[in-house]
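# Structural overview
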2 protein chains.
Amino acid sequence: MSLIIKPRVLKGFRDFLPENEIERKSLTNKLEKVFQSFGFVPIDTPVLEYTEVLLGKGGGETDKQVYQFLDSGKRDVSMRFDLTVPFARYISQHLDELYLPFKRYHIAKVWRGENTQRGRYREFTQCDFDIVGVDSSSSDFEIMLMMKTSLNTLDVKDVTIKFSHRGIFNRMLETLCLKDKTVEVLRIVDKLSKIGEVQVVEMLQEITTSENALKILDFIKPGKNFRETLDKMIFLAGGEDEDSQRLNEIYAFIIENGMENSFLLDPSITRGLDYYTGLVYETFLNELPEIGSVCSGGRYNNLASLYTKTELPGVGSSIGLDRLLAGLEELGMKNSKKSLTDVLIMQVDKDLTGHYHKLANSFRDKGFNAEVYPIQKKIQNQFKYAENKTIKYVVFCGKDEAEKGLFNLKNIESGNNYDSIDILKAIEIM
Amino acid sequence: MSLIIKPRVLKGFRDFLPENEIERKSLTNKLEKVFQSFGFVPIDTPVLEYTEVLLGKGGGETDKQVYQFLDSGKRDVSMRFDLTVPFARYISQHLDELYLPFKRYHIAKVWRGENTQRGRYREFTQCDFDIVGVDSSSSDFEIMLMMKTSLNTLDVKDVTIKFSHRGIFNRMLETLCLKDKTVEVLRIVDKLSKIGEVQVVEMLQEITTSENALKILDFIKPGKNFRETLDKMIFLAGGEDEDSQRLNEIYAFIIENGMENSFLLDPSITRGLDYYTGLVYETFLNELPEIGSVCSGGRYNNLASLYTKTELPGVGSSIGLDRLLAGLEELGMKNSKKSLTDVLIMQVDKDLTGHYHKLANSFRDKGFNAEVYPIQKKIQNQFKYAENKTIKYVVFCGKDEAEKGLFNLKNIESGNNYDSIDILKAIEIM
């Protein structure tokens, strides 16, 4: 008698039951259709890479979270912790086989050994889309349009995409002679929605003058409308420039496409310590802003400097599928189908098994998902199975009906019976 | 100036360029539709698991190939090396939340640090489908039907699914008093297609009598038809039993469904050292049998004995996506689309960028994939981009046309131009 091993998964890792996996697949399929409709192409990269390739020679704050080990060939390898670094490596390596501008999407799992508090997972799915090789307002706007379209396609209509410009923020800091405190300021500003204005000013006062602290607060507070907000940003950053011109262009595109209700210029959006240099975006569910941004991104001026001397400016965004799903669940918008089966052929006579499979195939030929109950059991067991899988229709077919090419169909939900019908009649009913 | 790191991937790992990833996604989408049409539901499990859970307390031949390490919490973890073991763990753990019989599919990557010769990869995709919790000829046949339907759906019509019964094979060995030499016999028989009959007999003679060696050869050679093959198997195994009855039933289902050309009873199919106990299957491309089986499986009598005392008999099969793709490529059946974009809106006037995005959206609303060239560049550059992505249509729109809601459409393939048309006319043409 062998020892039983307790079946369990690692902390921060998850199994997906069919109803959850059906939902996830449905969402990612819809997202893929949107990405493709904007001309983006899919790519894939290995889950494992050389550690040096993913982390560079040095290593920073992320490193402790990376799943890193020596493989059996003594190579120092790591599991990918995001999809951006592998993409930078990918495009540097395959530039000859590709073309610029290159628009790719990548929906895949990544791993981070993070603290698992507050619904954070160690294995989670990212949905990234980026345009690389061009620096234009058209691309900046296209990414924003995709963010909106993606979420709308998932029936999340009530969203606000907040955007700002990291270049103008940096210039504001320069104007205040705070460039060398950028990291500290970003860390504090990033907390605005959590700790509020008063505390932000208090914290800023610890690293600069009260006057500067109030100017920064003034900068990050949106005005009454786009114009007022941008004018204030321009003023505090010391005047107009290409970056403010870029924001003007973006806003004109938003107006022309009739989307001013979905977008908000919000100068408190900085994307913290990320590598962004231009436009930055975050997306909030209006009914559930507290779960944070479900789709974020921005423009970077050099994606792949670690691997190539070719300058590759780009802009992109990423949907956090797990957070979005958590949000949809909280909003009661989760769609929990236990299966995708339309009709169950009951096994009422074992001798007809071959016929049942033929019958199931005839439903499939008409575009329905059909299955044969796999063994002759009590009818209540078979009904229970249909119930477990939330199958709407069942078919009963005995020898007499089989000979005539007919069967009996039952709608379990309504209780309606349709006796001695054929496949054409059945699909009319279904 | 920072040091450039050479972009590269690990041996046995692969990047997928857009044309390959589009093809892979198209295949897996089609497979998923088939699996769903048979009532199978998707699940997912973690890539990393406790090593003890995946490998048991002991460990066998596979172990050296497993990517195993200590995580930062000193847990002994491994990357999954197949989808069967995680499924066994999964169903044991979630039996209360699920129901039996349970029909699941799982399309996902697995990792094995194998020798990378002969097109074997260390990261590859499996497409598994199993029916667990029932032992019936109906289920055995359903899996066969799915194997055939899956491959046909991928336009691989010319396949032979070879099947046999491991139970009858075992009984034949018992009859010859060779039960304790099962492993050795299986290893030899498995080589039949590679080394031929003469060498098989020679090798068998090293472990048993010449008479037995010839009897084994006789057993594994198919007869002229199903009946003759089965009769010989029954004779050499010492008579009829439940297992031969099962084969009879399966054959009746095959006949009733008019599929005798796709299935062949071939007693040399044993699935080697795998855990199968009943029906076993392998699938060969008739035009390319030498690449080996592209879809294999069988019946096992206890899936999850490592994790639960509940007996879970099952039957399933797995499509080796990478091998199948290699086969399709060799047969010239690979479909290499560089993108899925239908139409490129050329950027001929930067001031119309907002309008171009609106125009692209109007194509998307009609179900076409459309993109805006992201920057105003020379027209030949924009044409080159369309060519790189094999985009069939381009749109030119200047200020005059934009004001009238019109544009010019060009079919790059035919060279045809359609001037001053609107979106309704355009979709008629496309």
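Residues numbered from 1 in each chain as written. Chains lettered and ligands numbered in written order. Predicted model: local features only at pLDDT ≥ 70, side-chain atom pairs only at ≥ 80, totals over all residues. Heavy atoms only, no water.

### Things to note about the overall build of chain A
Helix and strand counts for chain A stand at 15 helices and 16 strands. Its C-alpha radius of gyration of 28 Å places chain A more than 25% over the 22 Å reference for a compact globule of 430 residues. The buried share of chain A, reckoned over its 430 residues, is 58%. Within chain A, residue pairs in contact and separated by at least 24 positions form 66% of the contacts whose partners lie at least 6 positions apart. Counting only carbon and sulfur atoms, one obtains 47% of the accessible surface of chain A, whose full area is about 18000 Å². Averaging the locations of the 57 positively and 64 negatively charged side chains of chain A gives two centres separated by 6 Å. (Helix = DSSP H or I, 4+ residues; strand = E, 2+ residues; numbered from the N terminus. Rg over C-alpha atoms; globule rule 2.2 N^0.38 Å. Buried < 20%, exposed > 50% of the residue type's maximum accessible area, 1.4 Å probe, protein only. Contact = heavy atoms within 4.5 Å. Areas by Shrake-Rupley, 256 points an atom, 1.4 Å probe, with all protein chains shown as cover. Lys, Arg positive; Asp, Glu negative; His and termini not counted. Charge placed at Lys NZ, Arg CZ, Asp CG, Glu CD.)

### Describing the packing of helix H7 (residues 192-205) of chain B against helix H8 (residues 210-220) of chain B
Residues and elements named next belong to chain B. Contact pair H7 / H8: the axes reach a minimum separation of 7 Å and the direction vectors enclose 155°. Viewed along their axes, H7 and H8 adopt a mutual orientation that is roughly antiparallel. Together, Leu192, Glu197, Val201, Leu204 and Gln205 of H7 and Ser210, Ala213, Leu214, Ile216, Leu217 and Ile220 of H8 make up the contact between the two elements. In terms of residue class, the contact of H7 with H8 is made up of eight nonpolar, two polar and one charged. (Axes fitted to C-alpha atoms, helices over the stretch in contact; angles between N-to-C directions. Parallel < 35°, antiparallel > 145°, perpendicular 65-115°, else oblique. Nonpolar A, V, L, I, M, F, W, Y, C, P; charged D, E, K, R; others polar.)

### Brief notes about the sheet that holds strand E7 (residues 159-165) of chain A
All names here are of chain A. Judged by pairing direction, the sheet is mixed, and its eight strands sit side by side in the order E1-E5-E6-E11-E10-E9-E7-E8 without closing on themselves. Every other strand in the sheet has two partners, leaving strand E1 (41-42) and strand E8 (263-265) as the edge strands with one partner each. Judged from the two bridges that link them, E1 and strand E5 (residues 102-111) form a sheet pairing that is parallel. The residue of E5 that forms the bridge with Pro42 is Tyr105. Strand contacts of helix H1 (residues 18-37): E5, strand E6 (123-132) and strand E11 (314-320), with the helix running at about 160° to E5, the strand carrying the most contacts. (Pairing = 2+ DSSP bridges.)

### Points about the domain arrangement of chain A
Residue and element names in this part refer to chain A. Here chain A is described as being made up of domain 1 (11-152 + 296-337), domain 2 (159-285) and domain 3 (343-429). For domain 1 and domain 2, the distance between their C-alpha centres works out to 25 Å. Of the roughly 2100 Å² buried between domain 1 and domain 2 on both sides combined, carbon and sulfur atoms contribute 67%. When the buried surface of domain 1 facing domain 2 is broken down by residue, Phe141, Met144 and Lys148 rank first, second and third, together holding 29% of it. Where domain 1 packs against domain 2, one counts two salt bridges. Between Asp135 and Arg246 there is a salt bridge; the shortest N-O distance is 3.0 Å. On the surface where domain 1 and domain 2 come into contact, there are 11 residue pairs in polar contact (both at pLDDT 80 or more). Secondary structure elements with two or more residues in the side of domain 1 that touches domain 2: helix H4 (137-153), strand E10 (295-300), E11 and helix H11 (321-330). With 11 residues, the top contributor of residues to the side of domain 1 that touches domain 2 is H4. The class makeup of the residues in the side of domain 1 that touches domain 2 is 10 nonpolar, 11 polar and five charged. (Domains from an automatic or database assignment. Buried area = accessible area lost by both parts, 1.4 Å probe. Salt bridge = Lys/Arg side-chain N within 4 Å of Asp/Glu carboxyl O. Polar contact = N/O pair within 3.5 Å; in protein donor to acceptor, adjacent residues only side chain to side chain.)

### Comments concerning the relation of the copies chain A and chain B
Superposition of the two copies of the chain requires a rotation about an axis and a shift along the axis. Mapping chain A onto chain B is achieved by rotating through 180° and translating by 0.0 Å along the same axis, at an RMSD of 0.1 Å. Taken together, the rotation and translation relating the two chain copies correspond to the operation of a two-fold axis. Nearest to the rotation axis, the C-alpha of A:Phe69 is located 3.2 Å from it, this being the minimum over chain A. In this assembly the copies share their binding face: 100% of the residues contributing to the interface of chain A also contribute to that of chain B. (Least-squares fit on C-alpha atoms with pLDDT ≥ 70 in both.)

### A short note on the pattern of salt bridges
Once the charged atoms of two side chains with opposite charge are near each other, the side chains can pair. Residue and element names in this part refer to chain B. Following the criterion strictly, the structure yields 63 salt bridges over all chains and no others. A salt bridge links Glu19 to Lys338; its shortest N-O distance comes to 3.6 Å. Here Glu19, found in helix H1 (residues 18-37), pairs with Lys338, found in the loop between helix H11 (321-330) and strand E12 (343-345); they are 319 residues apart in sequence, far enough to count as distant. Judged by its relative accessible area of 32%, Lys338 is partly exposed. Linking Arg271 and Glu282 is a salt bridge whose minimum nitrogen-to-oxygen distance equals 2.8 Å. Of the two residues, Arg271 is situated in the loop between strand E8 (263-265) and strand E9 (279-285) and Glu282 in strand E9; the sequence distance between them amounts to 11 residues. The exposure class of Glu282 is buried, given its relative accessible area of 12%.

### A word on the pairing of strand E5 (residues 102-111) of chain B
All names here are of chain B. Within E5, 10 of the 10 residues are buried, which leaves it mostly tucked inside the rest of the structure. Across the two faces of E5 the burial is the same, with Phe102, Arg104, His106, Ala108 and Val110 and Lys103, Tyr105, Ile107, Lys109 and Trp111 all buried. Here E5 runs beside strand E6 (residues 123-132); their pairing, made up of 10 bridges, is antiparallel. Paired with Trp111 across the strands is Glu123, a residue of E6.

### Focus: the confidence of the model for chain A
Confidence along chain A averages 93 in pLDDT terms, with 97% of residues attaining 70 or more. Note on the complex model: pTM 0.94, ipTM 0.93. (pLDDT = per-residue confidence, 0-100.)

### Some thoughts on the sheet that holds E12(B)
All names here are of chain B. Strand order in this open sheet of five strands is E13-E12-E14-E15-E16, and the pairing throughout is mixed. Each edge of the open sheet is held by one strand with a lone partner, namely strand E13 (370-372) and strand E16 (417-421). Mean inter-strand twist for the sheet, computed between neighbouring axes without regard to direction, equals 20°. Lying on the sheet, helix H13 (residues 379-388) is in contact with E12, E13, strand E14 (393-396) and strand E15 (407-411); it crosses E14 at an angle near 150°.

### Things to note about the interface of chain A and chain B
Listed as interface residues are 108 residues of chain A and, on the opposing side, 108 residues of chain B. For the pair chain A and chain B, the summed buried surface comes to about 9200 Å²; carbon and sulfur atoms form 60% of the total. Linking chain A to chain B there are 12 salt bridges. Scanning the region where chain A abuts chain B turns up 38 residue pairs in polar contact (both at pLDDT 80 or more).

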